[in-house]
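# Overview (structure and organization)
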Amino acid sequence: MTSSNEIDLHISGMSCASCVGRVEKALNAVEGVTEANVNLATETAQVKGSAKADTLIDAVRQAGYQAEPARSDQTDQLAEERAQEARRLKRSLWFAAALTLPVFVMEMGGHLFPALHHAINDSIGQQANWLIQFTLATLVLFGPGLRFFRLGVPALARLAPDMNSLVALGTTAAWGYSVVATFVPEVLPDNAVNVYYEASAVIVTLILLGRFMEARAKGRTNQAISRLVSLQAKSARVLRDGQEVEVAPEEIQLGETIVVRPGEKIPLDGELVDGHSYVDESMLTGEAIPVEKSTGDTVVGGTLNKTGSFSFKVTKTGEDTLLAQIIHMVESAQGSKLPIQTLVNRITLWFVPAVMAAALVTLVVWLVFGPEPALTFALVNAVAVLIIACPCAMGLATPTSIMVATGRAAEMGILFRHGEALQALRGMDAIAFDKTGTLTRGQPELTDLVPAKGFERSELLTWAAALEKRSEHPIAEAILKAAEQEGLTLPEAKGFDSLTGYGVKATIEGREVAIGALRLLQEYSQGDNPFEAEADTLANEGKTPLYLLVDSKPAALLAVADTVKDTTPAAIDFLHREGFKVVMMTGDNQHTARAIADQLKIDEVVADVLPDGKVEALKKLQDEGLKVAFVGDGINDAPALAQADIGIAMGTGTDVAIESADVVLVKGDLVGAANAIAVSRAALRNIKQNLFWAFAYNTALIPVAAGLLYPAFGLLLSPVFAAGAMALSSVFVLGNALRLKRFQAVIQSGPDAVR
């Protein structure tokens, strides 16, 4: 191999996990390919090695699927294609359901309610009843159901049968046998003249329902990328020949100077050359407090300028900007994440050919050894085998549990964005959390106010808030909010002055009042620091100490911090009891992060990291063999949410974080993560029970349908009873799935509500 690169392909025509396996097998067989990862959810393939794109595309086509090179501008096109497919499936589903319902009522209703059976026969007669069922079932099978034949029959021809093949085979067997019973009943034994039109129609309708749900989920896959792209500024003011010229960011060259005003997005990465401001970098660091910027500081494209105006020199453009790299990280992580192989997909790999082989063996054995009429017995028993193994319960087993579980979860404020997340969440070994907005409230709050001797707390808070009302500093919001909550009336602050690097001061009710950090106390105070011990304690707790001076004397110590949510300790405690390793990842400094971690008894802390640092920390945990879920709420968390085995986003966070996640906690409450894990475990137990019944129950009856009991007992499983057994299997699966509606939360939304 002389060179190595990575080629991204868009794959179409895949419908199940066996398709993924076949496409990967075809790609890996191409000379020069070192690794091929195929993603069913995003319909993409990432291929590493020296093979050419044309060669890879040919290999995919030979495997029975379509491929084309993936393009960066394909997001909107693919979204529209998926939306169109979802609309087509919806129309097909409604059409199939409308035609299936009367067939089901006429046939199964007659079995369940003999009076209905007699009424139908007395009014229109059995033959007319069957002709109506034939017409409706045929319209379903070769109308909406034709898609299964288009995919399943070629797969059979390639000797690689999949779920489509089994659907096509099972529905054709039920329909074909019914057609014989309707139009040429004399070729069948008298006790075997029955129809199974409802089986073929119901199967098509149920599988279409599952495909429609899948199409809707796929339609939302790439919305995260679209939202990230929307963060980029649409225009920028560039200084050219001494004039401000408004141009598109892609037209800006390295080294040019851009002017940014208050409230505007910063268009590209660069370095301040003039001015001063506070910039909201929460999309980058996740931290709630805007960062002060002055000459020489760096700014990042996509962040928001809050207060002042400034100019900066462009240092990165295009794909080199940090926002572009975040977009690429999300795309890369989404593309490399393999779809979770459900038990249905895995068992299908041997179940489909095994059933077909059993039907074929049944046919041959009865033809060779069966009594006369051997051909009739052979056909009846072979069809019975196919009908008893028909994928009706198989199609219901997983989606019904997913539908009920996700519906119950939604009532609890937990949204699973696709079924794979429901299955995978139960297998996690570690849970990593972003700090700001996830473990904490995401907004600075006034946590402490320690008055000096001779001062009243309310009086000091009133003066501090009156002073901060004139300030641009973000911490001022926390003090103002505290004063508002206590209903204080603020006096006027006269002679307001900003003490650069120290704080602010003004005259309030005839007193000279100043507020700032320790430097203010050291520079402007006339007395000693009476709050030194308290300040050290607060700082060690991850809080920001501030000093209030009145007439140049220390009057109060205030502390502002992003506080832990009330429900966080209970949620962390639950996760520890369940055996999870708990990790905190944050862009905040090590000191503050460690203070929060000690308070919550978190196992591991990763601090001072940007988005790529969180991704690397997750990869490190994954390299240790751990399955890791990540919980976050900010734009900066999008790459980590995509890299994690399962991404969980706070519903109160940014749209980008939500769209990058597999699970969304609508209430923005961390207890939702604990309840999501509990729902996942309950749903997977339910799915396994359903799959056992759907496969083991029907599989156990396959030998009976094949005639194994005939030599000893003279018993045959008529296709009538085969269809009944299949229906019973479906009823059990549905009833078992509905038990999930009674699932109760393991932890409530409250600080002390763990059950």
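Along every chain, residues carry numbers that run from 1 in the direction the sequence is written. pLDDT decides what is reported in this predicted model: residues at 70 or higher carry local features, side-chain atom pairs at 80 or more are listed and counted, and totals for whole chains, interfaces and linings draw on all residues regardless. The basis for the side-chain values is all heavy atoms of the structure; hydrogens and waters are excluded.

### Remarks on the overall build of the chain
To keep it simple, the criterion reads: Working definition: helices are DSSP H or I runs of at least four residues, strands are E runs of at least two. Numbering for both runs from the N terminus. Whether two residues are in contact is decided by their heavy atoms, any of which lying within 4.5 Å being enough. Methods summary: accessible areas were calculated by the Shrake-Rupley approach with a probe of 1.4 Å, and residue burial reflects only the protein chains presented.
For the chain, the count of helices and strands is 28 helices and 26 strands. In the chain, the share of contacts with a sequence separation of at least 24, taken over all contacts with a separation of at least 6, comes to 68%. As displayed, the chain has an accessible area near 33100 Å², and 55% of this comes from carbon and sulfur atoms.

### Some remarks on the sheet that holds strand β6 (residues 243–247)
The cut-off we apply is this: Here, strands pair whenever DSSP counts at least two bridges between them.
Pairing within the open sheet is antiparallel, and its six strands lie in the order β6-β5-β7-β13-β8-β11. For this open sheet the edge positions go to β6 and β11 (298–299), each flanked by a neighbour on one side alone. Pairing analysis gives two bridges linking strand β8 (residues 269–275) to β11, with the strands arranged antiparallel. Considered in β11, the bridge of Gly270 is made with Val299.

### What to know about the side chain of Thr138
Heads up, the rule is: Polar contact criterion, stated in full: a pair of N or O atoms within 3.5 Å, where within protein one must be able to donate a hydrogen and the other to accept it, and residues adjacent in sequence count only if both atoms are side-chain atoms.
When you line up the elements, Thr138 lands in helix α5 (residues 126–141). Polar side-chain contacts of Thr138 include one of 2.5 Å to the backbone oxygen of Phe134.

### Topic: the pairing of strand β18 (residues 503–508)
Across five bridges, the pairing between strand β17 (residues 493–499) and β18 is antiparallel. Each bridged residue has a counterpart across the sheet, and for Asp497 the counterpart in β18 is Lys505. Linkage of β17 to β18, two consecutive antiparallel strands, is achieved through a turn of three residues, within which Gly501 is found at a positive phi near 85°. Of the strand pairs in this sheet, β18 and strand β19 (residues 511–516) are connected by six bridges, and their pairing is antiparallel.

### What about the packing of helix α17 (residues 457–468) against helix α18 (residues 475–485)?
The criterion, for reference: The axes are straight lines fitted to the C-alpha atoms, using for helices just the contacting stretch, and the angles between their N-to-C directions are given from 0 to 180°. Note that the term roughly parallel is reserved for angles under 35 degrees, roughly antiparallel for angles over 145, roughly perpendicular for angles of 65 to 115, and oblique for everything else. Left-handed describes a crossing in which the near helix is turned anticlockwise from the far one by less than a right angle; the clockwise case is right-handed. Residues are sorted three ways: Asp, Glu, Lys and Arg are charged, Ala, Val, Leu, Ile, Met, Phe, Trp, Tyr, Cys and Pro are nonpolar, and all the rest, Gly among them, are polar.
Relative to each other, α17 and α18 sit at 135°, their axes nearing to 9 Å. With respect to their mutual orientation, α17 and α18 come out oblique. Once α17 is placed against α18, the crossing between them reads as left-handed. Contacts between α17 and α18 involve Leu461, Ala464, Ala465 and Glu468 from the former and Ala476, Ile479, Leu480, Ala482 and Ala483 from the latter. Here the contact of α17 with α18 is composed, by residue class, of eight nonpolar, no polar and one charged.

### A short note on the UniProt feature "transmembrane region" (unreviewed entry) in the chain
Heads up, the rule is: UniProt positions are given in the numbering used here, feature names are shortened, and annotations may be inferred rather than shown by experiment.
Feature annotation in UniProt places "transmembrane region" (unreviewed entry) on residues 92–110, 130–153, 165–183, 195–213, 347–369, 375–398, 691–710 and 716–738, given in this structure's numbering. What you have in residues 130–153 is 83% helix and 0% strand, and the ends, taken at the C-alpha atoms, are 27 Å apart. As annotated, residues 691–710 has a helix share of 80% and a strand share of 0%, and its two end C-alpha atoms lie 29 Å apart.

### Some remarks on the pairing of β8
Taken together, the six bridges between β8 and strand β13 (residues 310–316) define a ladder with antiparallel strand orientation. The residue of β13 that forms the bridge with Gly275 is Phe310.

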